[in-house]
Amino acid sequence: MSEATNATNATNTQNDAVKNGDMQKSDVVIDVKDLRKSFGGNEVLKGINCQVHAGEVISIIGPSGAGKSTFLRCLNGLDTPSSGSIVVLGDDIADPKTNIDKTREHIGMVFQHFNLFPNMTVAENITLAPTLIKKVPADKARARALELLRMVGLEEKADANPESLSGGQKQRVAIARSLAMDPQIMLFDEATSALDPEMVGDVLQVIRDLAKKGMTMLLVTHEMAFAREVSTRVIFTDAGVIEEEGTPEQVFGNPQSPRLRSFLSKVL
Ligand SMILES: Nc1ncnc2c1ncn2[C@@H]1O[C@H](COP(=O)(O)OP(=O)(O)O)[C@@H](O)[C@H]1O
Ligand SMILES: [Mg+2]
């Protein structure tokens, strides 16, 4: 059996353990306690409690304005919490004494808009952070970039200008760029919302592949069928609180809260 197959089997076991609820406390990679965030007088996160275990794939669903983006942004330090704690890989990033840059290296984030650097080639976009921040030698960074581009199906675009790519291709490059830092956790904020429908599938396939490899992920998504298929857990947020959460079967198949039922009736 090849090394790659062994690795896949190992992560499948990990994902299965997550699905079966067998994960230990020590596997907690993100621990959020009573997270609150206000913008001026507007409290958009009203006490979020959430533990994420290694290998979990969590979809966050909910209406526009629920606070989904703000939550993800707090998790990688783009927004500063008003109160509460966010322990990521053992460090409380809500504590001003924590070196947030160090923690952020372990968390990749992909946004709706890809923000590739237009004055660099695709490969240069991917090698920039590893060479600059992690001091990876140029040839190694390049080799890794090509490997990642192969993974997202774009190896032949290494030396292309990002502007020559379609939206879906740009988003796959953005994912590869994020993965180049070897993050332990990936955050996706509506990664397919800005794409033409025919581009969505390829990007979802990349996320699906990451899930199979055991990557810990939080996905804000409107792709309900995909959330149902790929997630180990689904969190429904509304008006700054976690209104309901559970397995995809529970949340989509047997929703309890009236707000979740009403939301699902509009989106399914
Ligand atoms: N930087 C900001 N300044 C002021 N208000 C903000 C800011 N970011 C988000 N908000 C407000 O917080 C609420 C939640 O926004 P957001 O987290 O983007 O929700 P979602 O991603 O679920 O649509 C919205 O009412 C939004 O207007
Ligand atoms: Mg949002």
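Each value, and the rule that gives it
- Residues numbered from 1 in each chain as written.
- Chains lettered and ligands numbered in written order.
- Predicted model: local features only at pLDDT ≥ 70, side-chain atom pairs only at ≥ 80, totals over all residues.
- Heavy atoms only, no water.
- UniProt positions renumbered as here; feature names shortened; annotations may be inferred.
- Pairing = 2+ DSSP bridges.
- Helix = DSSP H or I, 4+ residues; strand = E, 2+ residues; numbered from the N terminus.
- Contact = heavy atoms within 4.5 Å.
- Axes fitted to C-alpha atoms, helices over the stretch in contact; angles between N-to-C directions.
- Near = heavy atom within 4 Å.
- Polar contact = N/O pair within 3.5 Å; in protein donor to acceptor, adjacent residues only side chain to side chain.
- Areas by Shrake-Rupley, 256 points an atom, 1.4 Å probe, with all protein chains shown as cover.
- Nonpolar A, V, L, I, M, F, W, Y, C, P; charged D, E, K, R; others polar.
- Core = buried A, V, L, I, M, F, W, Y, C linked by side-chain atoms within 4.5 Å.
- Buried < 20%, exposed > 50% of the residue type's maximum accessible area, 1.4 Å probe, protein only.
- Parallel < 35°, antiparallel > 145°, perpendicular 65-115°, else oblique.
- Left-handed = near helix turned anticlockwise from the far one by under 90°.

The name an unreviewed UniProt entry assigns to the chain is ABC-type polar-amino-acid transporter, from the organism Bifidobacterium vansinderenii. One UniProt comment on the chain, placed under Catalytic activity (unreviewed entry), says "a polar amino acid(out) + ATP + H2O = a polar amino acid(in) + ADP + phosphate + H(+)".

Asker: Describe the sheet that holds strand β5 (residues 91–92), naming the residues involved and giving the relevant values.
Answerer: Strand pairing in a sheet is mediated by backbone hydrogen bonds. Such pairs are either parallel or antiparallel. What the 4 strands build is an open sheet, ordered β2-β1-β4-β5; its pairing is antiparallel. Bordering the open sheet on either side are β2 (42–53) and β5, each of which pairs with just one other strand. With 2 bridges connecting them, strand β4 (residues 83–88) and β5 associate as antiparallel partners. Its bridge partner being in β5, Val87 is matched across the sheet by Asp92. Together, β1 (28–39), β2 and β4 form the strand contacts of helix α2 (residues 68–75), whose direction differs from that of β1 by roughly 125°.

Asker: Residues and numbers for the site of ligand 1, please.
Answerer: Around ligand 1 sit Phe39, Asn42, Val44, Pro63, Ser64, Gly65, Ala66, Gly67, Lys68, Ser69 and Thr70, and that is every residue in its neighbourhood. Between Ala66 and ligand 1, the recorded distance is 3.1 Å, taken from a backbone N or O atom to an oxygen atom. Taking Ser69, its side chain carries an N or O atom lying 2.9 Å from an oxygen atom of ligand 1. For ligand 1, the accessible surface in isolation is 560 Å², of which the surrounding protein chains cover 57%. Of all the secondary structure elements, the ones that give two or more residues to the shell around ligand 1 are β2 and α2. Residue contributions to the shell around ligand 1 peak at 3 residues, all from α2. Split by residue class, the shell around ligand 1 holds 4 nonpolar, 6 polar and 1 charged.

Asker: Got a sec to walk through the nonpolar core? Specific residues and values, please.
Answerer: Core analysis: the biggest nonpolar cluster contains 38 residues, and Ile126, Phe188 and Met217 have the highest contact counts within it. Where this core is concerned, the elements lending two or more residues are α4 (122–133), α5 (138–151), α6 (167–179), β7 (185–189), α7 (197–212), β8 (216–220) and α8 (224–230). Tallying contributions element by element places α7 first for this core, with 8 residues. Setting aside chain neighbours within four positions, we find Phe188 in contact with Leu72, Val110, Ile175, Ile207, Leu210, Met217, Leu218, Leu219 and Val220. Ranked by size, the runner-up nonpolar core spans 26 residues in total, among them Phe71, Ile93, Ile185 and Leu187.

Asker: Talk me through the packing of α4 against α6; I want residue IDs and the actual numbers.
Answerer: Taken N-terminus to C-terminus, the directions of α4 and α6 make an angle of 25°; their axes are 8 Å apart at the nearest point. As far as their axial angle goes, α6 and α4 are roughly parallel. Regarding α4 and α6, the two cross each other, and that crossing is right-handed. In contact with Val122, Asn125 and Ile126 of α4, α6 contributes Val173, Ala176 and Arg177.

Asker: Please set out the sheet that holds β8 residue by residue, giving values where relevant.
Answerer: The sheet built from 6 strands is open, its strands ordered β6-β7-β8-β3-β9-β10 with mixed pairing. Strands at the two margins of the open sheet, each flanked by one partner only, are β6 (107–110) and β10 (241–246). In this sheet, neighbouring strand axes are inclined to one another by 20° on average, regardless of whether the strands run parallel or antiparallel. As judged from the 4 bridges shared by strand β3 (residues 57–61) and strand β9 (residues 233–238), these two strands associate in the parallel manner. Within β9, the residue paired with Ser59 across the bridge is Val234. Along the sheet, α6 contacts β6 and β7; its crossing angle with β6, the most-contacted strand, is approximately 170°. Of the strands in this sheet, β3, β7 and β8 touch α7, which is tilted by about 150° from β8.

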